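# Inside the fold
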Amino acid sequence: MSATPREHAAPAEDSRTTASRTHFDRWSSTYESGPGAGRLQELQTAALAALGLYPDDALLDLGCGIGAAVREAAPDVRRAVGFDLSPEMIAHARSLAAGSANVEFLQGDVSSPLPFSDGEFTAIVCTTAFHHFPKPLDTIAEMSRVLARGGRVVIADFNRRHPVVFAADLVLKRLQPSHFGLRSPSQLMGDLCAAGFARVSFCTSSGRLYAFVRAERPT
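All figures in this text were calculated on a predicted structure; none of them were measured in a lab. (Residues numbered from 1 in each chain as written. Predicted model: local features only at pLDDT ≥ 70, side-chain atom pairs only at ≥ 80, totals over all residues. Heavy atoms only, no water.)

### Remarks on the overall build of the chain
Cut-off, in case you're wondering: The way it works is that DSSP assigns letters per residue, a run of H or I at least four long becomes a helix, a run of E at least two long becomes a strand, and they are numbered from the N terminus. Here the radius of gyration uses the C-alpha set of atoms, whereas the globule reference equals 2.2 Å times the residue count to the power 0.38. A 1.4 Å probe rolled over the protein chains alone gives each residue an accessible area, and that area as a share of the maximum for its type sets the label: buried under 20%, exposed over 50%, partly exposed in between. Between two residues, a contact is recorded if the distance between any of their heavy atoms is within 4.5 Å. Here the accessible surface of atoms and residues is derived via Shrake-Rupley with a 1.4 Å probe, and residues count as covered only by protein chains that are part of the display.
Of regular secondary structure, the chain possesses seven helices and seven strands. Seen in sequence order, the chain has helices and strands lined up from the N terminus as α-α-β-α-β-α-β-β-α-β-α-α-β-β. In summary, the chain has a C-alpha radius of gyration of 18 Å against a globular reference of 17 Å for 219 residues, a match within 12%. With respect to the three principal axes, the spread of C-alpha positions in the chain is 70 × 40 × 40 Å. Each of the 219 residues in the chain was classed as buried or not, and the buried ones make up 46%. Relative to all contacts within the chain whose residues are 6 or more apart in sequence, the contacts with residues 24 or more apart total 66%. Surface exposure of the chain reaches about 10,900 Å², of which carbon and sulfur atoms provide 55%.

Take a look at the structure:
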């Protein structure tokens, strides 16, 4: 008598991913109107400026929220795609961008392989979201995979080298289940170099509280 094949259960989701989805679902309705929303949009604009967008670019925003950066970039690029864990964020993003022919929003987990082809994008931005990603090195590897040769990436987040940010990071790791941890600009630069990126650099703003790390995929 042959054995019945055993069914394999899907891998359990990381608890921080579940917490992050819940956190951002709740935040989605006030994401662009609550306290700090204006400053967040300023940082997104600065991150797009650091990328240096061109009319033929295909842009991917990882952790796009309700799509402010995607909507801002859309008139200046060929294609603009937002990707976020939160279904509520994506629902709001699609509503706000209705009628934009070159805009697309997809819901999914950055801890898994991204649902995009190799080299599909020429520019990637990730603003104030990377500290929620539970597998940062895997995510950077996926960024490299979906980025075309010669493409650019900007990861913008709070600067862990700043004493205030360093202290806040320690507190948030204990109190906020969705907070995986901030990386210093030097750590991110090392991660990007290890993944094959070149011309890696960074700059800071807001009294060095915030950092923009930029890299390019070699041609």
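After presenting the structure, the write-up continues.
### Some details on the pairing of strand β5 (residues 147-158)
Inclusion rule: Any two strands are treated as partners once DSSP identifies two or more bridges connecting them. Crossover handedness is defined here as right-handed if the route from the first strand over the helix to the second strand goes clockwise, with the strands pointing away from the viewer.
Counting buried positions along β5 gives nine out of twelve residues, so the element sits mostly inside the fold. Alignment of strand β4 (residues 121-127) against β5, held across six bridges, turns out to be parallel. The residue of β5 that forms the bridge with I124 is V153. Note on the crossover from β4 through helix α5 (residues 136-146) to β5: the handedness is right-handed. When β5 meets strand β7 (residues 210-216), the two strands line up antiparallel, connected through seven bridges.

### Regarding α5
Looking at α5, one finds that the buried residues are P136, T139, I140, E142, M143, S144 and V146. Looking at the buried positions of α5, the neighbouring elements they touch are β1 (58-62), β4, β5 and α7 (185-194).

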